Amino acid sequence: MQTLLVNKTDFADVAVVNYDEGDLADGQIRVDIGPFALTANNVTYMVTGDQIGYWSVFNPTAYDLTQDKTQGRMPVWGYGIVRESRFPGIEAGAKMYGFFPIAKSMDMQPGRLSAHGFTDIAEHRSGLHGLYSSYSFTDADPSYGAHVDLQPVLRPLFTTSFLIDDFLDDESFFGAEQVLLLSASSKTALGTAYCLKARGALPVVGLTSEGNKDFVEGTEFYDRVFTYDTITDMNPDIKTVVVDMSGNMGVIRTIEDHFEENLTYICRVGISHWQEAAKAPPKRTATPTAFFFAPDRAKQRIGDWGQAGFAENLGTRWMPFLESAKDWLTVEKAEGMEAVLENYKALLNGQSGPDKGYLFTL
Ligand SMILES: NC(=O)c1ccc[n+]([C@@H]2O[C@H](COP(=O)([O-])OP(=O)(O)OC[C@H]3O[C@@H](n4cnc5c(N)ncnc54)[C@H](OP(=O)(O)O)[C@@H]3O)[C@@H](O)[C@H]2O)c1
């Protein structure tokens, strides 16, 4: 059995480790992992691994895969299937969706079992937000039935998109007259633009790199699209709220200089330009800003709307967005660690095309 370890301070330095599964402990299930997706979001999990706790969740030392504390495992979203069960109530063959390491298999310690899913209550997972240890039984949720291959690629990102649109509306768009999305070709930005357009409250403007401009325009989710080197072509007199998926402080600073007091708020969502994010120059203006953490917002809305209300509101946008994806996203599937490593390197270097989604099984 194989798993992928990553040097926590040098993501290009990886090691493929073979492990023996041993006997399954009483009260646990053994799950075969895959297919799982890889997007820029997974790289961000590593960049924020210490800060938010993503390194702890599949910590290889907790699973006896290595004693080297400099190594970690990058989490991914995908499917799993129970191969063996020593937990009453979950049978071999049960299919699930959730958070996994890049590995052939994983032993989990289920708790809080319901007809819809369960929580992995392994001690070392308790430090991270509960959403990341929750697994859904896919056969129990009809929303997993459609576009099975697109789901692992888009599902975790679109929930964030939906919540950002809801948050901006809740905040009256911070008094802005337009919404500007950075790293507009990212799936999280595309989903956000889709929701904002469906709401129809304000024009949606996308900012992307030159090479991705045609793709972004082709989705028709944005009213206008600019590139990072044409920021100053935008009308600076329009009050603007920024949703930043890029984390590129050079870009942010140019936007601040350009819009000055017409920049009403910066919603910091991601760091897809993770190499640039590390070089962060000091901020010059005092634009109100905060980090948007989707699990916290989801918790708030589940409290406001109830679990069923949340699922219904999300589903209203999710299903048509998922349907739209066949026009702009192609999913490529591959097997084996070599394919994972090839894609992983492209992902680190920003060379995975925005019109592609990738699914892997080891
Ligand atoms: N805060 C939250 O709760 C939350 C939740 C979900 C996602 N996010 C974040 O949203 C961001 C987008 O994630 P995603 O999975 O949607 O991304 P994705 O679809 O994989 O994004 C691909 C795009 O990101 C840019 N990019 C990716 N790697 C790059 C690199 N190495 N150098 C320069 N540009 C690069 C390019 O866009 P451009 O050319 O358009 O810049 C590229 O087309 C991530 O940082 C993710 O963590 C945050």
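Residues numbered from 1 in each chain as written. Predicted model: local features only at pLDDT ≥ 70, side-chain atom pairs only at ≥ 80, totals over all residues. Heavy atoms only, no water.

Draft legend 1. Broad picture of the nonpolar core. Counting residues in each nonpolar core, the largest one holds 50 residues, and the members touching the most others are Phe99 and Ile102. Broken down by element, the residue count for this core peaks at 6 residues, all from helix H10 (residues 337-348). Sequence-distant contacts of isoleucine 102, defined by excluding residues within four places in its chain, comprise Thr3, Leu4, Phe36, Leu38, Met74, Val76, Met337, Val340 and Leu362. The next biggest cluster of nonpolar side chains, apart from the first, holds 46 residues, and it includes Phe173, Leu181, Ala193 and Leu202. (Core = buried A, V, L, I, M, F, W, Y, C linked by side-chain atoms within 4.5 Å. Buried < 20%, exposed > 50% of the residue type's maximum accessible area, 1.4 Å probe, protein only. Helix = DSSP H or I, 4+ residues; strand = E, 2+ residues; numbered from the N terminus. Contact = heavy atoms within 4.5 Å.)

Draft legend 2. Expanded view of the site of the ligand. Taken together, 32 residues surround the ligand, and among them Thr39, Ser185, Thr208, Ser209 and Tyr228 come closest. Between threonine 39 and the ligand, the recorded distance is 2.6 Å, taken from a side-chain N or O atom to an oxygen atom. A distance of 2.6 Å separates an oxygen atom of the ligand from a polar side-chain atom of threonine 208. For the ligand, whose unbound accessible area comes to 940 Å², protein coverage reaches 90%. Tallying contributions element by element places helix H1 (residues 40-47) first for the shell around the ligand, with 3 residues. Of the residues assigned to the shell around the ligand, the class counts are 14 nonpolar, 17 polar and 1 charged. (Near = heavy atom within 4 Å. Polar contact = N/O pair within 3.5 Å; in protein donor to acceptor, adjacent residues only side chain to side chain. Areas by Shrake-Rupley, 256 points an atom, 1.4 Å probe, with all protein chains shown as cover. Nonpolar A, V, L, I, M, F, W, Y, C, P; charged D, E, K, R; others polar.)

Draft legend 3. The arrangement of the sheet that holds strand S16 (residues 289-291) in detail. Within the open sheet, the 6 strands sit side by side as S13-S12-S11-S14-S15-S16. Their pairing is parallel. With one partner strand each, in any of the chains shown, strand S13 (224-227) and S16 form the two edges of the open sheet. Averaged over all pairs of adjacent strands, the angle between strand axes in this sheet comes to 20°, irrespective of strand direction. Strand direction decides the pairing type here: strand S11 (residues 178-182) and strand S12 (residues 204-208), joined by 4 bridges, are parallel. (Pairing = 2+ DSSP bridges. Axes fitted to C-alpha atoms, helices over the stretch in contact; angles between N-to-C directions.)

Draft legend 4. Up close: the domain arrangement of the chain. Domain parsing of the chain yields domain 1 (2-145 + 330-361) and domain 2 (157-293). Taken together, the contact pairs 17 residues of domain 1 with 11 residues of domain 2. Both sides together, the interface formed by domain 1 and domain 2 hides about 1100 Å², and carbon and sulfur atoms give 75% of it. Along the contact surface separating domain 1 from domain 2 lie 2 residue pairs in polar contact (both at pLDDT 80 or more). At 5 residues, the largest contribution of residues to the side of domain 1 that touches domain 2 is made by H1. By residue class, the composition of the side of domain 1 that touches domain 2 is 9 nonpolar, 6 polar and 2 charged. (Domains from an automatic or database assignment. Buried area = accessible area lost by both parts, 1.4 Å probe.)

Draft legend 5. View of the packing of aromatic side chains. Here the structure, examined in full by the defined rule, presents 32 aromatic pairs. Considering the side-chain rings of phenylalanine 174 and tyrosine 265, the 3.7 Å spacing of their centres and the 0° angle between planes classify their relative orientation as stacked. Linking phenylalanine 174 in the loop between helix H4 (151-170) and S11 with tyrosine 265 in strand S15 (residues 263-268), this pair joins segments that are 91 residues apart in sequence. A relative accessible area of 22% means that phenylalanine 174 is categorised as partly exposed. A ring pair is formed by phenylalanine 291 and phenylalanine 293, whose centres lie 6.2 Å apart and whose planes are at 25°; its orientation type is stacked. For phenylalanine 291, a relative accessible area of 45% corresponds to the partly exposed category. By relative accessible area, which is 17% here, phenylalanine 293 ends up buried. Among the aromatic residues, those joined into a ring-pair cluster are Tyr45, Tyr54, Phe58, Trp77, Tyr79, Tyr97, Phe99, Tyr132 and Tyr144. Against the face of tyrosine 63 rests arginine 73, its NZ or CZ located 4.9 Å from the ring centre. (Phe/Tyr/Trp six-rings, centres within 6.5 Å; stacked < 30°, edge-to-face > 60°. Lys NZ or Arg CZ within 6 Å of the ring centre and 35° of its normal.)

Draft legend 6. Structural view of the packing of H1 against H10. In the contact formed by H1 and H10, the axes pass within 9 Å of each other and the chain directions differ by 75°. The angle between H1 and H10 places the two elements in the roughly perpendicular class. Residues Ala40, Val43 and Met46 of H1 form the contact with H10, whose participating residues are Tyr344, Leu347 and Leu348. Taken together, the residues that form the contact of H1 with H10 break down as 6 nonpolar, no polar and no charged. (Parallel < 35°, antiparallel > 145°, perpendicular 65-115°, else oblique.)

Draft legend 7. Quick look at the packing of H4 against helix H9 (residues 294-324). At a closest axis distance of 9 Å, the pairing of H4 and H9 adopts a crossing angle of 115°. Two packed elements cross with a definite hand, and for H4 against H9 that hand is right-handed. Here Gln151, Leu154, Arg155, Phe158, Thr159, Thr160, Phe162, Leu163, Asp166, Phe167 and Asp170 of H4 come into contact with H9, specifically with Ala294, Arg297, Ala298, Arg301, Trp305, Phe310, Asn313, Leu314, Arg317, Trp318, Phe321 and Leu322. Per-class residue counts for the contact of H4 with H9 are 13 nonpolar, 4 polar and 6 charged. (Left-handed = near helix turned anticlockwise from the far one by under 90°.)

Draft legend 8. Region of the structure containing the sheet that holds strand S1 (residues 2-7). Taking strand neighbours across the sheet as the criterion, the 3 strands line up as S2-S1-S4 in an open arrangement whose pairing is antiparallel. The open sheet terminates on both sides in strands that have one partner only, identified here as strand S2 (10-18) and strand S4 (71-72). When S1 meets S4, the two strands line up antiparallel, connected through 2 bridges. By the bridge assignment, valine 6 is partnered in S4 with glycine 72. Against the sheet, H10 contacts S1 and S2, and its axis sits at roughly 170° relative to S2.

Draft legend 9. Main features of the pairing of strand S3 (residues 29-37). Here S3 lies mainly inside the structure; 8 of its 9 residues are buried. Pairing of S3 with strand S5 (residues 75-85), which is carried by 6 bridges, proceeds in the antiparallel orientation. When the bridges of S5 are listed, arginine 30 appears paired with glutamate 84. Bridge count between S3 and strand S7 (residues 105-108): 4 bridges; the pairing is antiparallel.

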